[in-house]
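A closer look at the structure
Here is how the chains run, residue by residue.
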Amino acid sequence: KSFPREAKEKRPASRIIRRHRSMLQRIFRQAARRTPFYTRGLATVSPPKLFSYEEIKANVMEKHAIQSVEEAFGMLAKGKVDVPIPMHIGIEESSEAGPGDCHIKGGYIYGTKTWTVKLANVSFYKNVEKGLPPGSGIFVVIDATNGFPLAIFQENRYLTDLRTGAAGAVSVKHFAAREHTKVCFLGTGMIAQAMARASSEVQGWTEAFCYGLDTKMTESFCKEMEGQLGFKFNVCESAEEAVSSADVIFTQTPGNKQVLEKSWLKPHATIIASGSDQPTKNEIPADVMASSKMVCDLVRQCKSVGELRTALKEGTMTEEDVYAEIGDVVNGTKPGREGDELIVVDLTGTGAQDAAIGQVAVDVLLHGKAM
């Protein structure tokens, strides 16, 4: 039987294609046998280790956090940290949910082995009626060499408070004089405890003056901190009494209203403000910031959600009036305290801190490193 000329010319080509297809299939089968990962996929990757709140609290301490957070600020100022602007999810109160807030932060510090994403749920005040704390949180720490999660830390804001306290300690180290030994706490919740513990690692406090809207909470705070840290904690009847008695003032309130006035301050006061982390919050009056050496953890973040935002909005400051970021002083690019000047440190909390404390938690809990 004869075939058209076109068919006779195409038959050899089809045999070549089949031959090539067969050869490629053999190559892929051989490659798969040599590299089982490709055939098994994610089955060969161990799931992330889950650490409970109790495990974290028992093992990760202030002393672990301070140096790592200080180094993170230094890298942040050098532009060596990839840290996006935080994401905020507001849970509006309804018959089914809320009220509450969710903050999502994260970052990667150049040259480190991990990166971190942190989810913090705060201000769920109705939880108290249910016998639950008003917030929770998790850290997810990822292997920076392959992108797989290493560990999930159900820290319920313990690591967040720890790294915030560490930022406060770094601020005291660089912006408070050694002879400034009287400290004030406006707001006496968990963050105040973290600030008190961490700052005591770097400064020899002799007396504390404390004020909060909940007197019983303030009394409890003073009793617990005095027992732990070994110096006198005083319950004050007003914010003015507490502020005017101190050299260094920590403010860590919900940030719903301003908490002090310029006339209350000693000329050399250091204010370390951590209550503002949303565009709706403000603790420090704009005239106080305008009269100060203004320091930010991250300027581009502080101008959006920090205390700086209010000063810019009211026109008492420009972005150029900011003296430095903390990392500039850590790196020695600029000096910290130089005399008896008023200093305000605006702490909004950065993903660099979360990345730093995430690495610390992995080192201590996953790898068992002594630090």
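Scroll up to find the structure.
What counts, and where the lines are drawn
- Residues numbered from 1 in each chain as written.
- Predicted model: local features only at pLDDT ≥ 70, side-chain atom pairs only at ≥ 80, totals over all residues.
- Heavy atoms only, no water.
- Helix = DSSP H or I, 4+ residues; strand = E, 2+ residues; numbered from the N terminus.
- Expected span 1.5 Å × (residues − 1).
- Buried < 20%, exposed > 50% of the residue type's maximum accessible area, 1.4 Å probe, protein only.
- Lys, Arg positive; Asp, Glu negative; His and termini not counted.
- Salt bridge = Lys/Arg side-chain N within 4 Å of Asp/Glu carboxyl O.
- Polar contact = N/O pair within 3.5 Å; in protein donor to acceptor, adjacent residues only side chain to side chain.
- Contact = heavy atoms within 4.5 Å.
- Core = buried A, V, L, I, M, F, W, Y, C linked by side-chain atoms within 4.5 Å.
- Patch = residues over 30% accessible without salt bridge, like charges linked within 9 Å, V, L, I, M, F, W, Y side chains within 5 Å.
- Areas by Shrake-Rupley, 256 points an atom, 1.4 Å probe, with all protein chains shown as cover.
- Charge placed at Lys NZ, Arg CZ, Asp CG, Glu CD.

Here helix α13 (residues 351-366) spans 21 Å end to end across 16 residues, near enough to the 22 Å set by a 1.5 Å rise per residue. Counting buried residues in α13 gives 15 out of 16 residues, a clear majority hidden from the surface.

For the rest of this paragraph, the subject is the side chain of E155. Its place among the elements puts E155 in the loop between β7 (149-153) and α5 (158-175). For the buried E155, which has no salt bridge, the nearest side chain bearing the opposite charge is R157, at an N-O separation of 6.3 Å. A polar atom in the side chain of E155 sits 3.2 Å from the backbone nitrogen of T160. Residues contacting E155, with those up to four places away along its chain left out, are Y53, I56, G137, I138, F139 and T160.

Proteins that are soluble and globular tend to have nonpolar side chains buried together. Ranked by internal contacts, the top residues of the largest apolar core, which has 62 residues, are V60, F153, L159, F185, F233 and F250. Sequence-distant contacts of L159, defined by excluding residues within four places in its chain, comprise I56, V60, F139, F153, I357 and A361. Counting residues in each nonpolar core, the second largest holds 30 residues, with A269, I271, A311 and L342 among its members.

Another point: a negative patch on the surface. Judged by side-chain charge, E240, E261, D287 and E314 come together as a negatively charged surface patch. Within the fold, E240 resides in helix α8 (residues 239-244). Judged by relative accessible area, E240 falls into the partly exposed class, the value being 42%.

Turning our eyes to something else, we now look at the pattern of salt bridges. A full pass over the atoms with the stated rule returns 10 salt bridges. One salt bridge connects E70 with K173, and the closest N-O pair in it is separated by 3.1 Å. Taken as a pair, E70 in helix α4 (residues 62-77) and K173 in helix α5 lie far apart in primary sequence, 103 residues in all. Given a relative accessible area of 12%, E70 falls into the buried group. Judged by relative accessible area, K173 falls into the partly exposed class, the value being 44%. For K118, the salt bridge identified is with D354, shortest N-O distance 3.0 Å. Linking K118 in strand β5 (residues 114-122) with D354 in helix α13, this pair joins segments that are 236 residues apart in sequence.

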